[in-house]
Amino acid sequence: MPYDKSTAERVRRILSARRDVSSKPLMGGLCFMVKGSMCCSVSGKGGLLIRVEPQEYDQAVIDPHVEPMQMGRRTLRGFVRVAPEGYPTDEQLERWVQRGIDAAVARSASPPKAHKRPRSRTSRP
């Protein structure tokens, strides 16, 4: 299912003043990245996928027209899905996109997590 091109254009207008934005097709939608982190996505299933900061998640999911992001059996607590009824005006859409911007910027500002390297299985002579 293709994403809603009209909503994608509305999001693009909101993000147009920023120089750190890119977009790319992702999982049937159009994903918008801010500072290299996903901000939001216009979904192929309808609606928006919005990144939210962890401390805002519980409040975001109780908003009308918002539900937790499900991927298979997992609930992704860093994202919410917003139905089109949740952003009929540009002001409402901008409020959601700004939440995604804030979360993406906060994520890109935090230091990367250290990954443990697997130990080499070669034996020493």
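The structure this text deals with has already been given above.
Residues numbered from 1 in each chain as written. Predicted model: local features only at pLDDT ≥ 70, side-chain atom pairs only at ≥ 80, totals over all residues. Heavy atoms only, no water.

As for the overall build of the protein
Quick note on the threshold: The secondary structure listing takes helices from DSSP runs of H or I that are at least 4 residues long and strands from runs of E that are at least 2 residues long, numbered from the N terminus. Buried residues are those whose accessible area, probed at 1.4 Å on protein chains only, stays under 20% of the maximum for their type, while exposed residues exceed 50% and partly exposed ones sit between those limits. Contacts were defined at the residue level, with two residues in contact if any of their heavy atoms lie within 4.5 Å. Here the accessible surface of atoms and residues is derived via Shrake-Rupley with a 1.4 Å probe, and residues count as covered only by protein chains that are part of the display.
Within the protein, the regular secondary structure consists of 3 helices and 6 strands. Listing each helix as α and each strand as β along the protein from the N terminus yields α-β-β-β-β-α-β-β-α. Here the protein holds 125 residues, and the buried ones make up 37% of them. Look at the contacts in the protein between residues 6 or more apart in sequence, and 52% of them connect residues 24 or more apart. Carbon together with sulfur atoms contributes 52% to the accessible area of the protein, which is approximately 8,600 Å² in total.

As for the sheet that holds strand E2 (residues 29-34)
Inclusion rule: At least two DSSP bridges between two strands are needed for those strands to be called paired. Here an axis means a line fitted to C-alpha atoms, over the contact stretch when the element is a helix, while the angle between two N-to-C directions is reported on a 0 to 180 degree scale.
The sheet built from 6 strands is open, its strands ordered E1-E2-E3-E4-E6-E5 with antiparallel pairing. A strand with exactly one partner marks an edge of an open sheet, and here the two such strands are strand E1 (21-26) and strand E5 (66-71). Direction aside, neighbouring strands of the sheet carry axes that sit 35° apart on average. As judged from the 5 bridges shared by E2 and strand E3 (residues 37-42), these two strands associate in the antiparallel manner. Within E3, the residue paired with Val34 across the bridge is Ser37. Strand contacts of helix H1 (residues 5-15): E1, E2, E3 and strand E4 (48-51), with the helix running at about 10° to E2, the strand carrying the most contacts.

Regarding the pairing of E3
By the criterion of burial, E3 is predominantly enclosed, with 6 of the 6 residues buried. Hairpin connection of E2 to E3: 2 residues between the antiparallel strands, including Lys35 at a positive phi of 55°. Of the strand pairs in this sheet, E3 and E4 are connected by 3 bridges, and their pairing is antiparallel. Counterpart to Ser41 in the pairing with E4 is Leu49.

Interpretation in functional terms is not warranted from these geometric data alone.
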